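# Structural features, examined
Take a look at the letters that make up each chain.
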Amino acid sequence: MELKYVTTICPYCGTGCGLNLIVMDGKAVGVAPYHRSPVGSGKLCTRGLHAAAALAEWRIEEPLIGGQPVEWDAAIAEAKKIANYQGDEIAVAISSRLTNEAMFLVASFAREILGAANIGIVYGGTGASTAKIVDFGKADVVLLIGDVMKKLPITGNKLYHVQKNGGKLLYLGPQSYTAVQADVVVIADEYTELPTELADAIAAAKNPVVAYLANDAAASAIAARLSAKTAILYDTNNGRAATALGLGSFVLGEKTKALFIITETPEMEEDIYATLMPSLANLELIVAVASNATYISDAATVVLPAAASNEYPGTVTSWEGRVQKVRAASAAPGGAKCPCEIISLLADGKYAWEDKAKIFADLVAAVPAYGQIVYEEIEKPEGAFIKEA
Ligand code: SF4
């Protein structure tokens, strides 16, 4: 029996907590704290404690055409038929749970090879924070809009530093666990304006921060009118990278005939996939790169089975803009391949996929927000930061 700990990043929300996956005979079987992580300092929420399970459930292990197993060559040939469509006939929906490197390759493939006009992320929202976790400890007032602690529990845990240091937590949103923690609370299921008592408190603050979920458009509109640092919180683990890569939210266009979609982790996003289903019925071709079985893989013309988070190496970017290393703890099941390899196969080898440091260097050169980050810096427990917006 071989037992090892693999230090990596939680695959769930955009807080980016470090953790150790416990790997027995090549299979992730559990999670242990990683105390050197400056993000959670060893603390994990319930989802993070069950990160090993994400690698095991409802996996797709072989390529499928029309729901039937086929060889990889046949599946790639079928998937390449998407190039027969052009411009706004092709839509590309990308999971914001891919690594930075995989997301960069998919976006490059969509733009350069497919010439797709409609490219976006399946779920997660957009926005670039100007605050970091340490700013919670320096703020005299933090305004929370929406139930942010439920979606990002360890980020929520850090918000206690506001009160510990004499600052005040304000809350606007529905009745929730987040509301219970706040000093000043305005309960509202919907919001378009900031109530006067909260607006006055922000105006009087020296170092205010406003925190809200990246997919909360109403909160974003309120925050845009305030003079405060913003903590824009993603409840997917790499939504911040999608914003840096210029990927907005995915909306299926009226002219779409063919869809290329990358999905991951069914229990988190299955509701989102379900809402897409009625509009997929009229498509002529659906190519799904999928780690897990979902409504989307059931509906797809061709399914290319992919490795999931922590089955292939790379980096992810937390809501703070902290770039950290994810490591391949266990092998992908059956014939599933690294998403980067799948893109390379579809692009006839135009994109090299094995050297993740090289892909990251290409990303840094192409995406200004990643500035001058050197790959080796990311090895450190604290990672490296992209530029603030
Ligand atoms: S707060 Fe987010 S990143 Fe941290 S353990 Fe929980 S789900 Fe994972």
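Report follows, based on the coordinates. (Residues numbered from 1 in each chain as written. Predicted model: local features only at pLDDT ≥ 70, side-chain atom pairs only at ≥ 80, totals over all residues. Heavy atoms only, no water.)

A count of helices and strands for the protein gives 15 helices and 19 strands. Its C-alpha atoms give the protein a radius of gyration of 21 Å, within 12% of the compact-globule value 21 Å for 389 residues. Taken over 389 residues, the protein has a buried fraction of 59%. Per element, the accessible surface of the protein, about 15700 Å² overall, is 52% carbon and sulfur. Charged side chains in the protein number 32 positive and 43 negative. The centres of these two groups are separated by 7 Å. (Helix = DSSP H or I, 4+ residues; strand = E, 2+ residues; numbered from the N terminus. Rg over C-alpha atoms; globule rule 2.2 N^0.38 Å. Buried < 20%, exposed > 50% of the residue type's maximum accessible area, 1.4 Å probe, protein only. Areas by Shrake-Rupley, 256 points an atom, 1.4 Å probe, with all protein chains shown as cover. Lys, Arg positive; Asp, Glu negative; His and termini not counted. Charge placed at Lys NZ, Arg CZ, Asp CG, Glu CD.)

So, on to the site of the ligand. Every residue lining the ligand is accounted for by Cys 10, Tyr 12, Cys 13, Thr 15, Gly 16, Cys 17, Leu 44, Cys 45, Gly 48, Pro 153 and Ile 154. Taken together, the residues of the shell around the ligand break down into 8 nonpolar, 3 polar and no charged. (Near = heavy atom within 4 Å. Nonpolar A, V, L, I, M, F, W, Y, C, P; charged D, E, K, R; others polar.)

Moving on, we get to the packing of helix 4 (residues 100-113) against helix 15 (residues 356-366). In contact at an axis separation of 9 Å, helix 4 and helix 15 are set at 65° when each is read in the N-to-C sense. At the point where helix 4 passes helix 15, the crossing takes the left-handed sense. Counted together, Asn 100, Glu 101, Phe 104 and Leu 105 of helix 4 and Lys 356, Ile 359, Phe 360, Asp 362, Leu 363 and Ala 366 of helix 15 form the full contact between these two elements. Taken together, the residues of the contact of helix 4 with helix 15 break down into 6 nonpolar, 1 polar and 3 charged. (Axes fitted to C-alpha atoms, helices over the stretch in contact; angles between N-to-C directions. Left-handed = near helix turned anticlockwise from the far one by under 90°. Contact = heavy atoms within 4.5 Å.)

Ordered by their spatial adjacency, 5 strands build an open sheet running 10-9-8-11-12, and the pairing between neighbours is parallel. Strand pairing shows two members of the sheet lacking a second neighbour, strand 10 (184-187) and strand 12 (229-233), which therefore form its edges. Strand-to-strand twist of the sheet, defined as the mean angle between neighbouring strand axes without regard to direction, takes the value 15°. Bridge count between strand 8 (residues 141-145) and strand 9 (residues 168-173): 5 bridges; the pairing is parallel. (Pairing = 2+ DSSP bridges.)

For the rest of this paragraph, the subject is the pattern of salt bridges. Summed over the entire model, instances satisfying the criterion amount to 14 salt bridges. One salt bridge connects Lys 358 with Asp 362, and the closest N-O pair in it is separated by 2.9 Å. Of this pair, Lys 358 and Asp 362 both sit in helix 15, 4 residues apart, roughly one helical turn. The network of salt bridges with common partners includes Lys 325, Arg 327 and Glu 379. (Salt bridge = Lys/Arg side-chain N within 4 Å of Asp/Glu carboxyl O.)

The subject of this paragraph is the packing of aromatic side chains. Summed over the entire model, instances satisfying the criterion amount to 4 aromatic pairs. Measuring from ring centre to ring centre gives 6.2 Å for Phe 360 and Tyr 370, while their planes differ by 85°; the resulting arrangement is edge-to-face. Remark: Tyr 370 occurs in the loop between helix 15 and strand 19 (384-385) and Phe 360 occurs in helix 15; sequence separation between them is 10 residues. Comparing Phe 360 with Tyr 370 shows no difference in burial state: the two are buried. Through successive ring pairs, a cluster of aromatic residues spans Phe 360, Tyr 370 and Tyr 375. Positioned above the aromatic ring of Phe 385 is the side chain of Lys 132, whose terminal nitrogen or guanidinium carbon lies 4.9 Å from the ring centre. The lysine or arginine in question, Lys 337, covers the ring of Trp 72, its NZ or CZ lying 5.0 Å from the ring centre. (Phe/Tyr/Trp six-rings, centres within 6.5 Å; stacked < 30°, edge-to-face > 60°. Lys NZ or Arg CZ within 6 Å of the ring centre and 35° of its normal.)

With that settled, consider the sheet that holds strand 17 (residues 314-317). Spatially, 17-18-19 is the arrangement adopted by the 3 strands of the open sheet, whose pairing is antiparallel. The open sheet is flanked by strand 17 and strand 19, the only strands paired with a single partner. Relative to strand 17, helix 4 is tilted by about 90°, and along the sheet it contacts strand 17 and strand 18 (322-326).

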